[in-house]
Amino acid sequence: MNKAEILAVLKATMVDLFELDEAEIQPTANLYEDLDLDSIDAVDLAVKITEITGKRVNPEDFKKVRTVQDLVDTAEQMID
């Protein structure tokens, strides 16, 4: 799975779970400030990344995630 495919899956997930406008979900968007997500939402995203990659997300790595691009990069690194 490449970055574009990961981004597409994450966008669809965020639209579905958090009722966000897909146009707002840009790689540079801050999850907490721009998209108004909270820590519970972050856990849901970590679960989705686990589903995508088949691997458990390292909590220390996930604490560094701030933007949509960070999410994509984290998932891609877990796939490699």
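As the structure is a prediction and not an experimental result, all values here were calculated from the model.

## Thoughts on a negative patch on the surface
A cluster of acidic side chains, namely D21, E22, E24, E33 and D34, defines a negative patch on the protein surface. Of note, D21 is situated in the loop between α1 (3–18) and α2 (39–53).

## Some details on the pattern of salt bridges
This structure, assessed with the given rule, holds four salt bridges. Its salt-bridge partner being D73, residue K3 comes within 3.1 Å of it at the nearest N-O pair. Taken together, the residues span a long stretch of sequence, with K3 in helix α1 and D73 in helix α4 (residues 68–79) at a distance of 70 residues. For K63, the salt bridge is made with E60, and the minimal N-O distance between the two is 3.3 Å. On the basis of relative accessible area, K63 is assigned to the exposed category, the value being 53%. Judged by relative accessible area, which is 47%, E60 ranks as partly exposed. A single salt-bridge network, built from bridges that share partners, covers K3, D73 and E76.

## A word on the side chain of D41
By secondary structure assignment, the location of D41 is in helix α2. Beyond its immediate sequence surroundings of up to four residues, D41 is in contact with F18 and D36.

## A look at the confidence of the model for the chain
Put simply, the chain has an average pLDDT of 93, and 100% of its residues get 70 or more. α1 holds the highest mean pLDDT among the elements of the chain, 95, whereas helix α3 (residues 59–62) holds the lowest, 87.

What counts and how
- Residues numbered from 1 in each chain as written.
- Predicted model: local features only at pLDDT ≥ 70, side-chain atom pairs only at ≥ 80, totals over all residues.
- Heavy atoms only, no water.
- Patch = residues over 30% accessible without salt bridge, like charges linked within 9 Å, V, L, I, M, F, W, Y side chains within 5 Å.
- Areas by Shrake-Rupley, 256 points an atom, 1.4 Å probe, with all protein chains shown as cover.
- Salt bridge = Lys/Arg side-chain N within 4 Å of Asp/Glu carboxyl O.
- Lys, Arg positive; Asp, Glu negative; His and termini not counted.
- Charge placed at Lys NZ, Arg CZ, Asp CG, Glu CD.
- Helix = DSSP H or I, 4+ residues; strand = E, 2+ residues; numbered from the N terminus.
- Buried < 20%, exposed > 50% of the residue type's maximum accessible area, 1.4 Å probe, protein only.
- Contact = heavy atoms within 4.5 Å.
- pLDDT = per-residue confidence, 0-100.

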